[in-house]
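# Structural features, examined
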Amino acid sequence: MRKGARLLAVGLALAMVSSCAVRTDQIARDPNTVRIALNGWVGYEASAEVLAYVLREEMGYEVQLMRVDEQPSWQALDQGVLDVIVENWGHEELMELYGPEGNGTVVDGGPNGNEGVIGWYVPAYMEEEYPEITTVEGLKEHTDLFRTAETGDKGEFLGGAPGFVTQDQGMINAFDLDLEIVYAGSEASQITEVRRRYANEEPVLFYFYDPQWLQEELDLVRVDFPDYEEGCADDLSSVPCDYPAYELNKIFRAGFVETGDPAYQFLDNWTWTNADQNQVAQMIADQGMDPTDAAEVWVEENPDVWRSWIPEGFEPLS
C-alpha cells in the first residue's frame, strides 16, 4: 500500500512546459501514479478524494491531487502533466481546442453521474414575503431590497467564486436589472456570507449551484428565468436566458486513455449521484473533517457502489 504526495501545485509544471512544443505522449509518466486535477469547490474535492482513496487503498496506485483552476486544468491535460478532470462544467470551447476536432490531446470521458444546475437563488423566507420575487418582473421590481453600503443605489448580486462558469453580467444587462455583482471570494467565503444573512433572515440574492451540500441545509428558491436555448448565451454581454442544465462529465488526457491501464478503466467506470457527492462534501466543509477521512467514511459505508467501479478481473488489495 503506497501513498504519494496528496496535493501539488500545477502552476510550476505548466510554466515549465510549453503547450506548442511538447505533446502528451512526449511527457515521461510513472505508470503507477495517477494525476487528478483538484478544482476549487468542495464538491469537486469530494469526488477527487473518494477516487484517490480507492486508487490508493484498494488498487495500490500512487495519486497526486493537483490543485488547479478549471481552464488551466485543460491546459495541463494538453501538456501531459495531468491525467483527468473528474467534474467538467461545459467548456465546449476548450473541447473544440483540445478534443478530437482540435489537437486531439483530450478525450470526453462521459458522464460522471452528477447533474449540474447553476442559477440565481433567494432564501424561501424572501419568497414568502414577496411571492413574485422569483420571477424576472418581480425581481426587477424589488432589486432595492438587495442594496448594501457597497452597492449604493443598486441591489447586490452575490457572485460565485471568480473563475466559476458565469453569465451573470449578461443576464443583468439583458433583463435590465438594477444590480451590481459583488464577489465574496472563494466558495467557502460565499457560503459563510449566505449563511450569516440566512440566519438573520436578511435579503440575499446569489449565484449558486447543485450538486452543493448547503442545498440540503438551507431552504432556497431558484429565480425563474426564460429557459436556456441553443445560442442564447453566445454573447456574454447580453444573455436573455437562464443557465443550461449540465450533464457533468470526465475529461481524460488522450495518452492516459490509450494506456488502457486499470486506473483509467476504474475512472472510466466511475459514476455517482449528487447525493453521494453532497454527503462527502458536507463532511469536509461543514463537519470540518480531513478530506481523506471523509472519503474513507464514504468508502466504508458504500462498498456496493465503489466495488462496481473496479475493472473486471482486477484484484483489489483488501
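Residues numbered from 1 in each chain as written. Predicted model: local features only at pLDDT ≥ 70, side-chain atom pairs only at ≥ 80, totals over all residues. Heavy atoms only, no water.

### Points about the environment of P311
Summarising the element assignment, P311 is placed in the segment after α13 (303-306). Residues P311 and D268 lie 43 residues apart in sequence; the distance between their C-alpha atoms is 9.3 Å. Every residue in contact with P311, bar those within four places of it in the chain, is listed here: M59, P262, Q265, F266 and N269. (Helix = DSSP H or I, 4+ residues; strand = E, 2+ residues; numbered from the N terminus. Contact = heavy atoms within 4.5 Å.)

### Observations regarding the confidence of the model for the protein
Looking at the protein, the pLDDT average stands at 90 and 90% of residues meet or exceed 70. Low pLDDT (under 50) marks residues 1-26, which in the prediction has 59 contacts with non-local residues, meaning those over four places away or in another chain. (pLDDT = per-residue confidence, 0-100.)

### Some points on the packing of aromatic side chains
Applying the stated criterion to the full structure yields 22 aromatic pairs. A ring pair is formed by F208 and Y209, whose centres lie 5.1 Å apart and whose planes are at 40°; its orientation type is tilted. Judged by its relative accessible area of 4%, Y209 falls in the buried class. (Phe/Tyr/Trp six-rings, centres within 6.5 Å; stacked < 30°, edge-to-face > 60°. Buried < 20%, exposed > 50% of the residue type's maximum accessible area, 1.4 Å probe, protein only.)

### Observations concerning the packing of helix α11 (residues 274-285) against helix α12 (residues 291-301)
Between α11 and α12, the least distance of the axes is 9 Å, while the angle of their chain directions is 140°. Considering their axes alone, α11 and α12 lie oblique with respect to each other. Where α11 crosses over α12, the handedness of that crossing is right-handed. Residues D276, Q279, V280, M283 and I284 of α11 lie in contact with α12, whose contacting residues are P291, A294, A295, V297, W298 and E301. (Axes fitted to C-alpha atoms, helices over the stretch in contact; angles between N-to-C directions. Parallel < 35°, antiparallel > 145°, perpendicular 65-115°, else oblique. Left-handed = near helix turned anticlockwise from the far one by under 90°.)

### Quick notes on the side chain of N249
Position of N249 among the secondary structure elements: in strand β10 (residues 246-253). Owing to a relative accessible area of 10%, N249 belongs among the buried residues under this scheme. A polar atom in the side chain of N249 sits 3.1 Å from the side chain of D108. The residues contacting N249, other than those within four sequence positions of it, are I85, V86, E87, N88, D108, G110, P111 and N112. (Polar contact = N/O pair within 3.5 Å; in protein donor to acceptor, adjacent residues only side chain to side chain.)

### Focus: α12
Residues of α12 that are buried include every one of P291, T292, A294, A295, W298 and V299, and no others. One face of α12 carries all of its buried residues, which in axial projection span an arc of 160°. Residues of α12 that are exposed and point more than 90 degrees away from the buried face comprise E300 and E301. Those residues of α12 that are buried are in contact with α2 (42-57), α11 and α13. Structurally, the start of α12 carries an N-cap: the backbone nitrogen of T292 is 2.9 Å from a side-chain oxygen of D290. (Arc of directions from axis to C-beta.)

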